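# Structure assessment
Residues per chain, in single letters:
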Amino acid sequence: MLKGVAASPGIAIGKVHVVKSHQININTEVIAQDDTDAQIKRFDEAIAASKLQIMQIKEKAEKELGTDEARIFDAHFMVLEDPVFLDEVKAKIKTELITADNAVSHVVNNYVDIFSNMDDEYMKERAADVKDVGDRIIKNLLGIPTESFFFSEEVIIIARDLTPSDTAQMNKDKVLAFATDMGGRTSHTAIMARSLEIPAVVGLVNATDKVQDGDIAIVDGNKGIVYINPDETILKEYEKLKQDYLEYRKNLRELKDLTAETRDKLRTVELAANIGTPRDVKGALENGAEGVGLYRTEFLYMDRDELPTEEEQYKAYREVIEKMAPRPIIIRTLDIGGDKKLPYLDMPEELNPFLGWRAIRMCLDRPEILKTQLRAILRASVYGKAKIMYPMVSGLEEIRRANAVLKEAKEELKAEGIPFDENIEVGIMVEIPSAAVIADILAKEVDFFSIGTNDLIQYTLAVDRMNEHISHLYEPLHPAVLRLIKNVIDASHRAGKWTGMCGEMAGDTWATAILLGMGLDEFSMSASSIPQVKNIIRTLTYEKAKQIAQEALSMDNPEDIRNMVKREMEAINLPM
Ligand code: PEP
Ligand code: MG
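Now for a quick tour of the structure. (Residues numbered from 1 in each chain as written. Chains lettered and ligands numbered in written order. Predicted model: local features only at pLDDT ≥ 70, side-chain atom pairs only at ≥ 80, totals over all residues. Heavy atoms only, no water.)

## Some thoughts on the overall build of the protein chain
Heads up, the rule is: A helix here means a DSSP run of H or I that spans at least four residues, while a strand means a run of E at least two residues long, and both kinds are numbered starting from the N terminus. Between the two quantities, the radius of gyration covers C-alpha atoms and the globule rule is 2.2 Å times the number of residues to the power 0.38. Any pair of residues with heavy atoms lying within 4.5 Å of one another is described as a contacting pair. We get accessible surface area from the Shrake-Rupley algorithm with a probe of 1.4 Å; when it comes to residues, only the shown protein chains can shield them. Positive residues here are Lys and Arg, negative ones are Asp and Glu, while His and the chain termini are left out of the count. Charge positions are represented by NZ for Lys, CZ for Arg, CG for Asp and CD for Glu.
In terms of helices and strands, the protein chain carries 23 helices and 17 strands. Relative to its length of 576 residues, the protein chain is compact, with a C-alpha radius of gyration of 26 Å against a globular reference of 25 Å. Reported as C-alpha extents along the three principal axes, the dimensions of the protein chain are approximately 80 × 65 × 40 Å. Long-range contacts, defined as pairs at least 24 residues apart, comprise 67% of the intrachain contacts of the protein chain with a sequence gap of at least 6. About 26400 Å² of surface is accessible on the protein chain, with carbon and sulfur atoms providing 51% of the total. When the 72 basic and 97 acidic side-chain charges of the protein chain are each reduced to a single mean position, those positions are 4 Å apart.

Below, the structure written as structure tokens:
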């Protein structure tokens, strides 16, 4: 039995195919001065061959996986066409008198180092893209054949790591599961497995050393476990677990068009999706989202040299609003700062960026940025149901000042004769403890609250949400967090307003019953979590949920709360 990271749920049992990693022997000899041109020619030919291969793989990926998934190959193409990269390799060949393969290896490793040392988890994983392209160029230089991923029978793939080009070449109907030595939950293997809806376990360290082609394996993507050549008892047990899991997913799929109503029909809540770009709408609808509870607009501002124009923003917002109509879309205004910086905005170096010049604070200092965004949202609002949400509000004054900018934007549009939704709802994220404590004061000034637990937990418990050394202290079920949430919901209801939640806790099945029982009105989460949360809500009665919430609020530590939730869930046949 090998233990790794559960990267994609489900259970697979089958024959193993081990992906061998070819030995790559780089020629590190010094070359003669007059050999440099020949090396540069080799390099150019390898680049041309790599481009051709990537183009073919991309075409195949588009057919098999769809345009969105195939987009990763655009990143590969960009590397192959990047003049800085190409010139750097050629300069190295000339000045250091080394072979083309040696030069590529040096330059690529340098980029991989830079990416892997970045704080951002996403950028870290992008190091894999660069390495993938680099390996391809080197293999083409050395004439090493690329592995065949065409399978004639069903297989479980076990590899050191799977690159995007590996997975794109597979005939997926024969692939039962992935298990890799490397990788985390955001690695390519993991993302690919989730989008293919096949089980995956990653980070197994040395699985490839322990298996051979034709061995029998069990991949348990729910628990993050892989068995190699298991005995009869374990095989039998897993045949049953696999059937149960398939049945469970089938039932979840049938919930897609049903409402999130409790079994006693006494309470219905809204289940919405968090999205980052218009591309995410598809997944939201497929999982039965009844709206978008958080549209993070930061991506519109990132990876570019200047602020996005009103027109660009308007187009993106309109696309989301139209595609989701008549469902409500909550568009959050720019939440930049903290770990997300914009190079063109001249943002200060800060000792505590998460407590610094960010989000609404920055927008109120640069109201022209906020106004452009609000004008774009207002213009798009006539195409469906949009709502505006301000991030990182700490007190009353910020809401009033942001609303003053909104008023100006509305007056401008009116004067220009441009239509917009005059009654557009305006809410705030409650993600700073001060806002949660004075929720009764703020409720009078807004139409709704959405609790941002990702930040609320980090600020309440003083636990950096990105710091892996203290991640065990990051506890959504901490009594202080639960009391704040309860306070916010109650304050909004007393003022006749509603409260949603768009932090990760909204999709955390340990918290579902408690939040439902506390009276949370809307749960917004990653689209793929919606079916399981809906299942819990539809299985519970409102009475039971209220009792679970009350009990949780009376307890003095998270462990007791988890034990109680586990007991209650098991009693209604929902094992945790
Ligand atoms: C939050 O803080 O809970 C939230 C949803 O916002 P973000 O994760 O974008 O900070
Ligand atoms: Mg936040």
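## Section: unusual backbone geometry
Let me state the cut-off plainly: We call a residue buried when its accessible area falls under 20% of the maximum for its residue type, exposed when it is over 50%, and partly exposed in between, using a 1.4 Å probe and counting protein chains only.
Residues Ala325 and Pro326 are joined by a peptide bond in cis, for which omega reads 5 degrees. Tracing the backbone through its elements, the reader meets Pro326 in the loop between α12 (310-324) and β12 (328-332). Unusually for a residue other than glycine, Lys265 sits at a positive phi of about 60 degrees. With respect to the helices and strands, the residue Lys265 is situated in the loop between β9 (260-261) and β10 (268-275). The backbone of Ala359 sits at a positive phi, close to 45 degrees, despite the residue not being glycine. If you trace the backbone, Ala359 turns up in helix α13 (residues 359-365). On the accessibility criterion, Ala359 (0% relative accessible area) is buried.

## So, the coordination of the magnesium ion (ligand 2)
Counted only if it meets this: In this description, a donor is an N, O or S atom within 2.8 Å of the metal centre, a cutoff extended to 3.2 Å for sodium, potassium and calcium. Water is not part of the atom list, which can make sites seem incomplete.
Looking at the magnesium ion (ligand 2), one finds its protein donor set to be Glu431 (OE) and Asp455 (OD), positioned 2.0 to 2.1 Å from the metal centre. Of this pair, Glu431 sits in the loop between β14 (425-430) and α16 (433-437) while Asp455 sits in helix α18 (residues 453-461), placing them 24 residues apart in sequence. Since its relative accessible area comes to 3%, Asp455 is described here as buried.

## As for the layout of surface pockets
For clarity, the threshold we go by: As defined here, a cavity is a set of points on a 1 Å grid over the protein atoms alone where a 1.4 Å probe fits but cannot get out. A pocket is an open set with protein on both sides within 12 Å along at least five of seven lines, and residues line them when an atom is within 4 Å of a point. Grid points are joined across faces, edges and corners, and a volume is the space filled by probe spheres set on the points.
In this model, the second largest pocket occupies a volume close to 890 Å³. As for the second largest pocket, its lining consists of 34 residues, of which Lys131, Asp135, Asp161, Thr163 and Asp166 are closest to the centre. Where the lining of the second largest pocket is concerned, the elements lending two or more residues are α5 (100-116), α6 (121-142) and α7 (164-168). With ten residues, α6 is the largest single contributor of residues to the lining of the second largest pocket.

## Quick word on the side chain of Asp215
The criterion, for reference: Here, a salt bridge means any Lys or Arg side-chain nitrogen found within 4 Å of an Asp or Glu carboxyl oxygen. In protein, a polar contact means a hydrogen-donor-capable atom and an acceptor-capable atom, both N or O and within 3.5 Å, with residues adjacent in sequence counting only if both atoms are side-chain atoms; elsewhere, any N or O pair within 3.5 Å suffices.
Looking at where Asp215 falls in the secondary structure, it is placed in the loop between α9 (207-210) and β7 (216-220). Put simply, Asp215 is tucked away with no salt bridge, and the nearest opposite charge, on Lys15, sits 10 Å away. A polar contact of 2.9 Å, which involves the side chain of Asp215, links it to the backbone nitrogen of Gln212. If sequence neighbours within four positions are ignored, Asp215 has contacts with Gly14, Lys15, Val16, Lys210, Ile228 and Asn229.

## Points about the packing of aromatic side chains
Aromatic ring pairs are reported here in terms of the distance separating the ring centres and the angle at which the planes meet. Condition: To pair, rings of Phe, Tyr and Trp, with the six-membered ring standing in for Trp, must have centres within 6.5 Å; the planes then decide the type, stacked if under 30 degrees apart, edge-to-face if over 60, and tilted in the middle. Only lysine NZ and arginine CZ atoms are considered, and such an atom sits over a ring when it is within 6 Å of the ring centre and within 35 degrees of the ring normal.
Inspection of every chain in the model, using the stated rule, returns six aromatic pairs. Measuring from centroid to centroid gives 5.8 Å for Tyr295 and Tyr317, while their planes differ by 85 degrees, and the two rings are edge-to-face. Of this pair, Tyr295 sits in strand β11 (residues 292-296) while Tyr317 sits in helix α12, placing them 22 residues apart in sequence. For Tyr295, a relative accessible area of 1% gives the class buried. Residue Tyr317 is classed as buried on the basis of its relative accessible area, which comes to 0%. Lying across the ring of Tyr383, Arg318 places its NZ or CZ 3.8 Å from the centre. For the cation-ring pair, Arg562 lies above Trp510, with the distance from its terminal atom to the ring centre recorded as 5.3 Å.

## Digging into the pattern of salt bridges
For the coordinates displayed, the defined rule picks out 40 salt bridges. The closest approach of N and O atoms between Glu312 and Arg304, which form a salt bridge, is 2.8 Å. Since its relative accessible area comes to 23%, Arg304 is described here as partly exposed. Put simply, Glu310, Glu311, Lys371, Arg375, Arg379, Glu408, Glu412 and Glu416 are held in one network by salt bridges that share partners.

## As for the site of ligand 1
For clarity, the cut-off: Nearness is judged by heavy atoms alone; a residue qualifies as near a molecule or strand once a single heavy atom is within 4 Å of it.
Around ligand 1, a shell composed of Leu294, Arg296, Arg332, Met429, Glu431, Gly452, Thr453, Asn454, Asp455, Arg465, Cys502 and Gly503 is seen. At 2.9 Å from an oxygen atom of ligand 1 is found a side-chain nitrogen or oxygen belonging to Arg332. The separation between an oxygen atom of ligand 1 and a polar side-chain atom of Glu431 is 2.9 Å. Protein coverage of the free-state accessible area of ligand 1, which is 290 Å², stands at 98%.

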